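Fold and contact review
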Amino acid sequence: MSDPAPPGLADGPVYLDYNATTPIDPRVLDALLPYLRTDFGNPSSSHVYGEAPHAALDTARTRVADLLGARPGEIVFTGSGSESNLLALQGVMVARGQRAHLIAQVTEHPSVLQTCRALERLHGVRVTLLPVSSDGHVDPDALAAAIGDDTALVSIMVANNETGVLQPIQELAAIAHRHGALFHCDAAQAAGKIALDVDTLGVDLLTVVGHKMYAPKGIAALYVRTGVELEPVVHGGGQEHGLRAGTENVAFAVALGAAAELAAADLTDGTVHRIARLRDELHRKLTEALPCRLHLNGAAEARLPNTLNISIDGCLGHEMLAAASEIAASTGSACHSGTHTPSPVLTAMGIPEQRAMATVRLSLGRWTTLRDIETATAALTKVVAT
Ligand SMILES: Cc1ncc(COP(=O)(O)O)c(C=O)c1O
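What you see is a predicted model; the values in this text were computed from it and never measured. (Residues numbered from 1 in each chain as written. Predicted model: local features only at pLDDT ≥ 70, side-chain atom pairs only at ≥ 80, totals over all residues.)

**Focus on the sheet that holds strand S12 (residues 330-331)**
Two modes of strand pairing occur in sheets, parallel and antiparallel, and in both the strands are linked by backbone hydrogen bonds. Pairing is antiparallel across the open sheet formed by four strands, whose spatial order is S9-S10-S15-S12. On the outer flanks of this sheet lie strand S9 (294-296) and S12, each paired with one strand and no other. Helix H10 (residues 271-289) contacts S9, strand S10 (307-312) and strand S15 (359-363) of the sheet and is inclined by roughly 15° relative to S10. (Pairing = 2+ DSSP bridges. Helix = DSSP H or I, 4+ residues; strand = E, 2+ residues; numbered from the N terminus. Contact = placed C-beta atoms within 7 Å. Axes fitted to C-alpha atoms, helices over the stretch in contact; angles between N-to-C directions.)

This is the structure we're talking about:
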């Protein structure tokens, strides 16, 4: 296991919410601090103070590109995953004004779904949201049926944040290209958890997010394939290849670069397999402790290695987690002013309300241990029994 663990995990409950956000890896923190403490210069300055930040930005861009099999010049740093998704969707739809159709799917993150709604409202874009099957998958035939000559862009996530379900991106991107459309995927949850190569996937645009891979919140990137034209969302000084103006956040870009390098190591040094084994052990132990009451939500196989989304018959997810104070995890419901409603992702998969409300999402990460799994099993079993 990676050493050392971040101090933030030391005394709290067992953290099983890595899909919500990850702690900053201490090695990432060490990498970024010099660009806050000493190397403060503007990377665009031609004097000596600009040199180290400029070089660090280049290195960070190369590291992010390497994680994705991309070229450094194809990486645009942004301020969040939401912003990367906005730049991809709005950037394409405004640049390709003649083609007014955009296709996404119902279980996308709100940053994609709400951008679709805004594009409809503000730019007259026609949006089609594809449905998903009961295990969370988009059917490639449904994309083939919905796509037309006026489709500019198809945006489908690699992995769902709630269920971890993986979409057949290669097949979907090939369909988009056959019709002259571009393909974007939101890989916020997938980057660092599964191998991603933009050429193998055949994608034109891809979002990665720092705070899902042990870098700070407030840094992300968009991969933009060479030759793809985007209308910028932030106009100004020409930074980030003219696609995202604003003096670069060098320290956080360095953090994302360092995180990308560590993520690449996780994929080859057995870390990801270790996490998958712990996740499966957690599932096995809970199934054994709660016979006939546990349901897995989403595909069992085509799934992120760290995510376990389960419903437990006869329970309410938010009550279970409130009572199981030994662990920190997420429910499958949203809470608005004290009222709990089932997750739209689970609802879109056709999961009945009662089962959706009985859901917890347990997401593991770099510092999860077998002991954590035992604690979580005991805590959930205890609250279900009472
Ligand atoms: C799949 C997915 N896309 C996009 C985002 C948005 O990232 P950010 O919080 O950096 O805007 C998230 C974060 O929850 C996510 O899970």
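After that view of the structure, there is still more to cover.
**Description of helix H9 (residues 250-268)**
An ideal rise of 1.5 Å per residue puts 27 Å on 19 residues; H9 measures up with 28 Å between its terminal C-alpha atoms. Where burial is concerned, most of H9 is hidden: 14 out of the 19 residues are buried. Phi turns positive one or two residues past the end of H9, at Gly270, with a value near 95°. (Expected span 1.5 Å × (residues − 1). Buried ≥ 20, exposed ≤ 12 C-beta atoms within 10 Å, placed from the backbone.)

**A closer look at the domain arrangement of the chain**
When cut into domains, the chain gives domain 1 (26-266) and domain 2 (270-385). The distance between the C-alpha centroids of domain 1 and domain 2 comes to 28 Å. Tallied by class, the residues present in the side of domain 1 that touches domain 2 amount to eight nonpolar, eight polar and four charged. (Domains from an automatic or database assignment. Nonpolar A, V, L, I, M, F, W, Y, C, P; charged D, E, K, R; others polar.)

**A short note on the pairing of S15**
A large share of S15 lies buried, amounting to five of its five residues. What you see with S15 is no split at all: Thr359, Arg361 and Ser363 on one side and Val360 and Leu362 on the other are buried throughout. Pairing analysis gives two bridges linking S12 to S15, with the strands arranged antiparallel. Within S15, the position partnered with Thr331 by the bridge is Val360.

**Considerations on unusual backbone geometry**
Backbone geometry places Tyr214, a non-glycine residue, at a positive phi of 75°. Locating Tyr214 in the fold gives a position in the loop between strand S7 (205-209) and strand S8 (220-224). Judged by the 30 C-beta atoms lying within 10 Å of it, Tyr214 falls in the buried class. One non-glycine residue, Cys292, adopts positive backbone phi at about 65°. Residue position: Cys292 is located in the loop between H10 and S9.

**Side note on the pairing of strand S6 (residues 182-186)**
Of all the five residues making up S6, five are buried; the element is thus mostly covered by neighbouring parts of the structure. What you see with S6 is no split at all: Leu182, His184 and Asp186 on one side and Phe183 and Cys185 on the other are buried throughout. Where strand S5 (residues 151-155) and S6 come together, three bridges link them in parallel fashion. Residue pairing for S6: Val154 is matched across the bridge by Phe183. Of the crossover connections in this fold, the one passing from S5 over helix H7 (residues 169-178) to the parallel S6 is right-handed. In this structure, S6 lies alongside S7, joined through three bridges in parallel fashion. If you follow His184 over to S7, its bridge partner there is Leu205. (Right-handed = clockwise from strand over helix to strand, strands pointing away.)

**A few points about the nonpolar core**
The biggest cluster of nonpolar side chains holds 119 residues, and the ones touching the most others in it are Val254, Ala255, Leu256 and Ala259. For this core, the element with the most residues is H9, which contributes 12 residues. Counting contributing residues, this core receives three or more from each of domain 1 (26-266) and domain 2 (270-385). If we ignore the near neighbours within four places in the chain, the residues touching Leu256 are Ala60, Val64, Gly210, Ala215, Ile219 and Ala221. (Core = buried A, V, L, I, M, F, W, Y, C linked by C-beta atoms within 7 Å.)

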